[in-house]
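# Structural characterization, general
Listed below, chain by chain, are the residues.
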Amino acid sequence: DPALPWLELREARNFSAAAAELGARYAKESASRERFNRENFTPFDGWQQSGLGLETAAAGGFAVTGEGSAAINGIYPAGSYTHLVSSRLNGALRSPYLPKDRKYLSVRAMGGMLGARRTVIDNCAIGEDYKVIEGESPAWIKLETFAKEERLPVFVEFVTRWDNPRIPDRPGVLKEPQLKLMESPRSYFGLAGAVLHDVEEPPRATLSHMLPLFAQGAPSDAEDLAGRYAALARQAVDRWAANRADEDDARWLDWLVKQKLLSNEASALVARYREIEAGIEPPRVVEGLADIGHTNEPVPARYLEFLNGGGRRELAANIASASNPLTARVMVNRVWHHIFGRGIVATPDNFGAIGDAPSHPELLDYLAASFTGDGWSVKKLIRLLVTSETFRQSGMASAKAKELDPRNALLHHYPLRRLPAESLRDSLLAISGKLRPAMYGPSTDPHRAEAKDYRRLFSGPLDGAGRRSIYLKVTRMEGNTFLDTFDYPNPMAARGSRDVTNVPLQALTLLNDPFVVGEAEATARRLLAKPAASADDESVDERLGALFQLVLAREPDAAERERFAGLARELASLHKIPTAEAASSLPLWKDLAHAILNLKEFLYIP
């Protein structure tokens, strides 16, 4: 502390002798610390930076305060800081991979307003090892490199809160004072040095800034010492004003500012700065990928050497070559699988030795040859399959065919299939009139019973704003509950063939799920939007026909008309609806629509 000589010497009986002794102690200790730091620490460079606010500054950098009577918070040593222009700007600073032959990494850092340091293991972006930095001046922080415990790659990063994927974090991690900082538009950090070492302590603070007090010998008295303090302060200010400040000048100036020994009042110019700075919009961060930690010579791109020479273009050409039948076979088998419910090879993800053999190998080869011959056109392939006799055959099967081929592997009849999860959801929206067929645009968050912002599990509208299921956002942690119930594939792994289950939860979902109930009501509203001819049973019968057409695309037969007309009368009684109002009752037609939406005919493709 620059005040130490003054505090020690002002009470000394023999001022000059005590000053000489103190000067010798400073010189000896300074040399010892410099030697300790030189022998035990290696600079760690090669950090990568991103963000709008990160600036590299020489000694003497400063940040204007966003509010209050003080103009600046302090004067900083040389380093990288995110708030030299404004603490409303974001930034991230990432180290190369930490070496495995050193125990510790020490960083000289500062920060505030949820600026944080993170240790990232195996490139896990959402790892929980982060600490909020709280310090207005850079100070040494010792971190482990996990050299023995972790064989995985490890790097360290400093981030403002907008660049920290853990913020907002799960409840209980950030304490109440920190949670209040979430409301602030500010966040910042600074890094003024990084070193690798094996000794247990971080670098020792140097004392070079104190030595000039004793450079002309020991001061003779308090007035002499005060004059030297004043001269050092004047020198630091003059050199800083001329953009020539060094590390020692920055330390003196920072101390003088924090002790309120230099004028630091906010001026009209500072007020104008704050007025302009207040208009900076909050940062918007898009996650991306970048290569870091490469310390060896770059390896030129080349093809797999045991196959051929070349690069990625040659690889693509070989994969899509007419002389490579595997790619075409896999593709046509996938399309066949989606159209008929089962591939010619029943294991679309595995054409190897442990996969199923093709049921019709000649057909598979014919389709592959046609596919490549048509310029790899998927549209022409689909047209060929859906205009074939196989696709157009009945779903009825003879007893003899069932005996010879009970699994229908030879497709002696068109297989009964349940609607895929997305088609089921889209059909409900289409029937209710709420489906938005527009293509493109941003995805929509699925509806969730409980949103978890800290896990980025946001909740969208119950009906997904009418958007097709392909535009529902997919998250690995928690998917759309409705789609998951009907065998939507787990996004944690690629799947060529979906599971098809028939479990009680599916029936219960169609009966009770708020989305299904909501679409049943919307279907009833759509039905009732067209005025009925009259309010008698004949009008109810007319509405039943329209409802069947809307949901099942056909008229009900005589037995169905009688059964559903009876259901309509029963529902009218339960809802206490007069007969004259039955044809226009929303609760009654909502229940009728809900009942038809639960028919197997709606759920399955015959």
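This one's a predicted model, so the numbers in the text were calculated from it and none came from an experiment. (Residues numbered from 1 in each chain as written. Predicted model: local features only at pLDDT ≥ 70, side-chain atom pairs only at ≥ 80, totals over all residues. Heavy atoms only, no water.)

A count of helices and strands for the chain gives 20 helices and 15 strands. Radius of gyration (C-alpha) of the chain: 37 Å, far over the 25 Å computed for a compact globule of 606 residues. Summarising its shape, the C-alpha atoms of the chain cover approximately 120 × 75 × 40 Å along the three principal directions. Out of the 606 residues belonging to the chain, those deemed buried represent 38%. Restricting to contacts in the chain with at least 6 residues of sequence separation, those with at least 24 account for 72%. Just so you have it, the chain exposes about 34,100 Å², and 55% of that area is on carbon and sulfur atoms. Across the chain, the 75 positively charged side chains and the 79 negatively charged ones have centroids separated by 2 Å. (Helix = DSSP H or I, 4+ residues; strand = E, 2+ residues; numbered from the N terminus. Rg over C-alpha atoms; globule rule 2.2 N^0.38 Å. Buried < 20%, exposed > 50% of the residue type's maximum accessible area, 1.4 Å probe, protein only. Contact = heavy atoms within 4.5 Å. Areas by Shrake-Rupley, 256 points an atom, 1.4 Å probe, with all protein chains shown as cover. Lys, Arg positive; Asp, Glu negative; His and termini not counted. Charge placed at Lys NZ, Arg CZ, Asp CG, Glu CD.)

A few words on the nonpolar core. Of all hydrophobic cores here, the largest spans 39 residues; its most connected members are F482, L547, V551, L588, W589, L592 and F602. Of all the secondary structure elements, the ones that give two or more residues to this core are α13 (421-432), α14 (481-485), α16 (514-528), α17 (537-552), α18 (558-574), α19 (586-597) and α20 (600-603). Other than its neighbours up to four places away in sequence, V551 contacts I431, I596, L597 and F602. Ranked by size, the runner-up nonpolar core spans 25 residues in total, among them L9, M210, W252 and W255. (Core = buried A, V, L, I, M, F, W, Y, C linked by side-chain atoms within 4.5 Å.)

Turning next to the pattern of salt bridges. This model, assessed by the stated rule, comprises 36 salt bridges. Here E11 and R10 are joined by a salt bridge, their closest N and O atoms 4.0 Å apart. One continuous salt-bridge network, built from bridges that share partners, spans E128, R166, D169 and R170. (Salt bridge = Lys/Arg side-chain N within 4 Å of Asp/Glu carboxyl O.)

When two helices pack together, their arrangement is given by the angle between their axes and by how far apart the axes lie. Relative orientation of the contacting elements helix α15 (residues 504-512) and α16 amounts to 45°, with a least axis distance of 6 Å. One finds that α15 runs oblique with respect to α16. Between α15 and α16, the residues in contact are T509, L510, L511 and N512 and P514, V516 and V517, respectively. Classifying every residue of the contact of α15 with α16 by side-chain character gives five nonpolar, two polar and no charged. (Axes fitted to C-alpha atoms, helices over the stretch in contact; angles between N-to-C directions. Parallel < 35°, antiparallel > 145°, perpendicular 65-115°, else oblique. Nonpolar A, V, L, I, M, F, W, Y, C, P; charged D, E, K, R; others polar.)

To continue, consider helix α8 (residues 325-340). Look at α8: 22 Å from first C-alpha to last across 16 residues, which is about the 22 Å you get at 1.5 Å a residue. For α8, the full list of buried residues reads A328, V332, N333, V335, W336, H337, I339 and F340. Buried-residue contacts for α8 involve α9 (361-373), α10 (378-386), α11 (389-392) and β14 (417-418). (Expected span 1.5 Å × (residues − 1).)

The next point concerns the pairing of strand β4 (residues 61-64). Residues G61 and A63 point to one face of β4 and are all buried, whereas F62 and V64, pointing to the other face, are not buried. With three bridges connecting them, β4 and strand β5 (residues 72-76) associate as antiparallel partners. By the bridge assignment, G61 is partnered in β5 with Y76. (Pairing = 2+ DSSP bridges.)

What follows is about unusual backbone geometry. Of note, the amide linkage connecting I167 to P168 takes the cis form, showing an omega dihedral of 5°. Tracing the backbone shows P168 in the loop between β12 (154-159) and α3 (176-181). Within the chain, N243 stands out as a residue other than glycine whose phi angle is a positive 60°. Relative to the elements of secondary structure, N243 occurs in the loop between α4 (222-241) and α5 (247-258).

Here we come to the environment of A401. Here A401 lies in helix α12 (residues 399-404). Owing to a relative accessible area of 15%, A401 belongs among the buried residues under this scheme. Along the chain, A401 and L411 lie 10 residues apart, while their C-alpha atoms are 9.6 Å from each other. Leaving out residues up to four positions away in the same chain, A401 has contacts with P406 and H412.

Here we come to the side chain of S80. With respect to the helices and strands, S80 occurs in strand β6 (residues 79-81). You can call S80 buried: its relative accessible area is 12%. A distance of 3.3 Å separates a polar atom in the side chain of S80 from a polar atom in the side chain of T56. Once residues lying within four places of it in the same chain are set aside, the contact partners of S80 are L54, E55, T56, L93, F189, G190 and L191. (Polar contact = N/O pair within 3.5 Å; in protein donor to acceptor, adjacent residues only side chain to side chain.)

Among the surface-exposed residues, V503, L505, L508 and L511 lie close enough to one another that they form a single nonpolar patch of about 340 Å² accessible area. For L511, the location among the structural elements is in helix α15. (Patch = residues over 30% accessible without salt bridge, like charges linked within 9 Å, V, L, I, M, F, W, Y side chains within 5 Å.)

Once that is clear, we can look at the packing of α16 against α19. It is the contact of α16 with α19, at a shortest axis distance of 8 Å, that shows an interaxial angle of 120°. The angle between α16 and α19 places the two elements in the oblique class. Relative to α19, the crossing made by α16 is right-handed. Residue-level contacts link V516, V517, A520, E521, T523, A524, R525, L527 and L528 of α16 to L586, W589, K590, A593, H594 and L597 of α19. The residue inventory of the contact of α16 with α19, partitioned by class, reads 10 nonpolar, two polar and three charged. (Left-handed = near helix turned anticlockwise from the far one by under 90°.)

Moving on, we come to helix α6 (residues 268-277). Owing to its 3.6 residues per turn, the α-helix brings residues three or four apart onto one side. Turning to α6, its buried residues number three or more, namely V270, R274 and E277. Down the axis of α6, the buried set is contained in an arc of 70°. They therefore lie on one face. In α6, the exposed positions angled more than 90 degrees off the buried face are occupied by A268, L269, E275 and I276. If you follow the buried residues of α6, they end up packed against β4. (Arc of directions from axis to C-beta.)

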